[in-house]
Amino acid sequence: MSISKPSSLLSSSISSISGTVSNLNNELLEYVNPEKPTHDHSSVYYKRFFISKFNLGDKAIEAKFSAPMQIADGDQITVAGYQKGESLQVLAYNNQTQQVSSNENWIILGLGALFFFAVAIGLLNSELVAEGALVPKLFLFGFTVVAIYMGYRALLIREAVKLLAS
């Protein structure tokens with residue numbers, strides 16, 4: 001197992017770890033959209049997260065992606081992510097054994113952040129916010145927080161991808 005140099009973005013430290021996968025445990029977290037009609041059993045309304053927990057040497061690793069990770073016990077992989085509790089949360093990975101690399105789409109997250117930020121700017125310029133109405137101010141605050149989170153997450157994923165490439 002090798003640990004490459006951490007990269008610091010804002011206050012989070014993104015680090016990269018290489019090693020052999022052991023104790024692989026794949027899980028599926030699935031829940032139903034509460035706004036879905038009860039008589040419709042289409043899978044379009046289900047939200048799925050694929051969770052992979054494994055060890056790289058003596059380090060606990062946890063990955064949550066919208067698609068299953070393409071790894072198996074004994075594969076040589078490199079993961080990049082941040083420390084959360086006892087395990088490293090994976091943002092991007094590169095499987096050298098199967099020659100596969102993957103990460104969540106940081107470009108879409110960045111575009112989503114821009115969209116929410118544009119809505120917040122539009123709300124900021126509205127008459128209701130200027131008049132001091134509470135509900136538009138709450139929406140302004142909410143859209144701004146979501147835009148900041150999505151932008152930050154996109155930057156973290158981009159940093160992890162760059163760390164794997166180097």
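J.: Where do I start with the UniProt feature "transmembrane region" (unreviewed entry) in the chain in this structure?
T.: Under the feature "transmembrane region" (unreviewed entry), the UniProt entry names residues 106–126 and 138–156. Across residues 138–156, the secondary structure splits into 100% helix and 0% strand, with the terminal C-alpha atoms separated by 27 Å.

J.: Is there a simple way to think about the side chain of Glu62 in this case?
T.: Relative to the helices and strands, Glu62 is located in strand E4 (residues 59–65). What makes Glu62 buried here is its relative accessible area of 16%.

J.: Just to check I follow, could you spell out the pattern of salt bridges for this structure?
T.: Opposite charge on two side chains allows them to pair when their charged atoms are near. Applying the stated criterion across every chain yields a total of 2 salt bridges. Measuring nitrogen to oxygen at the nearest pair gives 3.9 Å for the salt bridge that ties Lys53 to Glu27. Taken together, the positions of Lys53 in strand E3 (residues 46–56) and Glu27 in strand E2 (residues 12–32) put the pair 26 residues apart, joining distant regions of the chain.

J.: Sorry if this is basic, but what is going on with the pairing of strand E5 (residues 76–84) here?
T.: Residues in a regular strand point their side chains to alternate faces of the sheet. Pairing geometry for E5 and strand E6 (residues 87–95), over 8 bridges, is antiparallel. Note that in E6 the partner of Thr78 across the bridge is Asn94.

J.: I tried to follow the packing of aromatic side chains on my own but got confused; where do I start?
T.: Any two aromatic rings considered together are summarised by their centre-to-centre distance and by the angle between their planes. Inspection of every chain in the model, using the stated rule, returns 4 aromatic pairs. Measuring from ring centre to ring centre gives 5.6 Å for Phe115 and Phe116, while their planes differ by 80°; the resulting arrangement is edge-to-face. Phe115 sits in the exposed class, given a relative accessible area of 51%. Since its relative accessible area comes to 22%, Phe116 is described here as partly exposed. Through pairs of rings, three or more aromatic residues link up here, namely Phe115, Phe116, Phe139 and Phe143. Against the face of Trp106 rests Arg158, its NZ or CZ located 5.5 Å from the ring centre.

J.: Looking at this model, I keep getting lost on unusual backbone geometry. Mind explaining?
T.: Residues apart from glycine generally show negative phi values, whereas peptide bonds are mostly found in trans. Backbone geometry places Asn23, a non-glycine residue, at a positive phi of 55°. Note that Asn23 resides in strand E2. A positive phi angle, close to 55°, is found at Gln99, a residue other than glycine. Position of Gln99 relative to the elements: it lies in the loop between E6 and strand E7 (100–103). For Gln99, a relative accessible area of 72% translates into the label exposed.

Cut-offs applied
- Residues numbered from 1 in each chain as written.
- Predicted model: local features only at pLDDT ≥ 70, side-chain atom pairs only at ≥ 80, totals over all residues.
- Heavy atoms only, no water.
- UniProt positions renumbered as here; feature names shortened; annotations may be inferred.
- Helix = DSSP H or I, 4+ residues; strand = E, 2+ residues; numbered from the N terminus.
- Buried < 20%, exposed > 50% of the residue type's maximum accessible area, 1.4 Å probe, protein only.
- Salt bridge = Lys/Arg side-chain N within 4 Å of Asp/Glu carboxyl O.
- Pairing = 2+ DSSP bridges.
- Phe/Tyr/Trp six-rings, centres within 6.5 Å; stacked < 30°, edge-to-face > 60°.
- Lys NZ or Arg CZ within 6 Å of the ring centre and 35° of its normal.

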